[in-house]
Amino acid sequence: MRELSIFVDESGSDGLSDHHYLLTVVMHDQSENIADSIAAYEGALRAKGLPDIPFHASPLMNGKDQYSGLDLRTRKMLLGSFRVFFRHMPVRYHTFAYATKEFASLEKLAGTMRRDLVNFLFDNLAELQSYDEVKVYYDNGQHSIAESLHRAIEYALSKDAVVYRSAQPSEYRLSQAADYICTMELTAIKYAEHTATATDEKFFGGTVRDLRAVRPLTDLPILRKDFIIDAYQLYEARIIGADAVLLIAAALSPDQCRELADVAHRLGLEVLLGLHT
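The structure contained in this document is the topic of the report that follows. (Residues numbered from 1 in each chain as written. Predicted model: local features only at pLDDT ≥ 70, side-chain atom pairs only at ≥ 80, totals over all residues. Heavy atoms only, no water.)

A tally of regular secondary structure across the chain gives 11 helices and eight strands. Burial status across the chain gives 51% buried among its 277 residues. Counting contacts in the chain only where the partners sit at least 6 residues apart, residues at least 24 apart contribute 69% of the total. As displayed, the chain offers around 14000 Å² of accessible surface, 51% of which is attributable to carbon and sulfur atoms. (Helix = DSSP H or I, 4+ residues; strand = E, 2+ residues; numbered from the N terminus. Buried < 20%, exposed > 50% of the residue type's maximum accessible area, 1.4 Å probe, protein only. Contact = heavy atoms within 4.5 Å. Areas by Shrake-Rupley, 256 points an atom, 1.4 Å probe, with all protein chains shown as cover.)

In C-alpha cells:
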C-alpha cells in the first residue's frame, strides 16, 4: 500500500498581530527511507558534542526553553547540523506566505489560504490520488488554519483516503523540518523587506549589517569573506544579498569543499577557493 505523509507548520498568530503568516507543507513518500538520515544526523550531533534537542527554530534563535543556557555558537551549530540533515531528506515542500496587512480580517486570510491550498492540491492531484492513504500531521496550533487545512484537503481528496494525526514537533523530525522551513522563509522575507530584527542580525552574524547596507549601493558582485564551515552560512549569504563566498581549503576536507561548493552553486553563489602553497 502506497502512503504519503504531509507535515504542516505555520508561523504567525491567529489575531493577525504579526506582519506575515506562513504555512509550510512537507510531503514524504513513506517508501523513501529516512531512518538512515535521522541516524546520521543524531550521530553528527554526538560527534560535535551537541545536545539532541528536538529542533524548534524560534526558541533556538532566542535561547529560550530547552535552548536556554546554550551560547550563540552552539545554537548556530545546531541550526547548521539540522540544515545538513534536511538537505539530505527525500521530501518536497511548499510554503504559502501572506502579508497580514493585506487582509481586513482573519476570515479573509483563512479564505485565501484555503483557496491556495486547494489550488496546490489540484496541481498535484494525479500524484496525490496515486496513494492509497494520505496522512496529514498537524498540531492544530491555530484553529482557523486547522479548519482551512481540513476543508481544503477534504475538498480535493477522498475523505476515505485521508488520515489526520496530531503532530507535536518533539515527536517527528519531519514536523521539525516544516518548522525549520517556515523560519528560513520568514527570515528571507524580513531581510528582503529590511525588517530583520535584532535577533536576526545577531544570529546571522556580525557582517550582515554591513553587507545589507552596501547591497543597494552597487551592482558589482559582493563577496562574503567569512570562514564558511557549514551549509547554513551559504543560505545566510544568499538571504543577505551576497553574490560569492570564500572557501578556505586548509579549513575544510576535500569532501566538505565539494559539498559546500555544490550547495553554493545551487543557490546561485559563485565560489572562490583559497589555497595555500
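With that out of the way, let us pick up empty space enclosed by the protein. Evaluated as defined, the whole model comprises three cavities of 30 Å³ or more. Of the pockets and cavities examined, the largest cavity occupies roughly 60 Å³. Taken together, Ile-6, Val-25, Leu-117, Phe-120, Leu-121, Leu-149 and Ile-153 make up the full set of residues lining the largest cavity. Within the residue set of the lining of the largest cavity, elements represented by two or more residues are α4 (106–123) and α6 (143–156). With three residues, α4 is the single largest residue contributor to the lining of the largest cavity. Considering only residue class, the lining of the largest cavity consists of seven nonpolar, no polar and no charged. (1 Å grid on protein atoms, 1.4 Å probe; cavity = no way out; pocket = protein on both sides within 12 Å on 5 of 7 lines; lining within 4 Å. Points joined across faces, edges and corners; volume = space filled by probe spheres on them. Nonpolar A, V, L, I, M, F, W, Y, C, P; charged D, E, K, R; others polar.)

By the secondary structure assignment, Ala-152 is in helix α6. Accessibility expressed as a relative area gives 1% for Ala-152, which makes it buried. Along the sequence, Ala-152 and Asp-116 sit 36 residues apart, while their C-alpha atoms lie 8.8 Å from each other. Dropping the residues within four chain positions of it, Ala-152 is found in contact with Arg-114, Leu-117, Val-118 and Leu-121.

This part covers the side chain of Arg-83. Its location among the elements puts Arg-83 in helix α3 (residues 72–87). Since its relative accessible area comes to 6%, Arg-83 is described here as buried.

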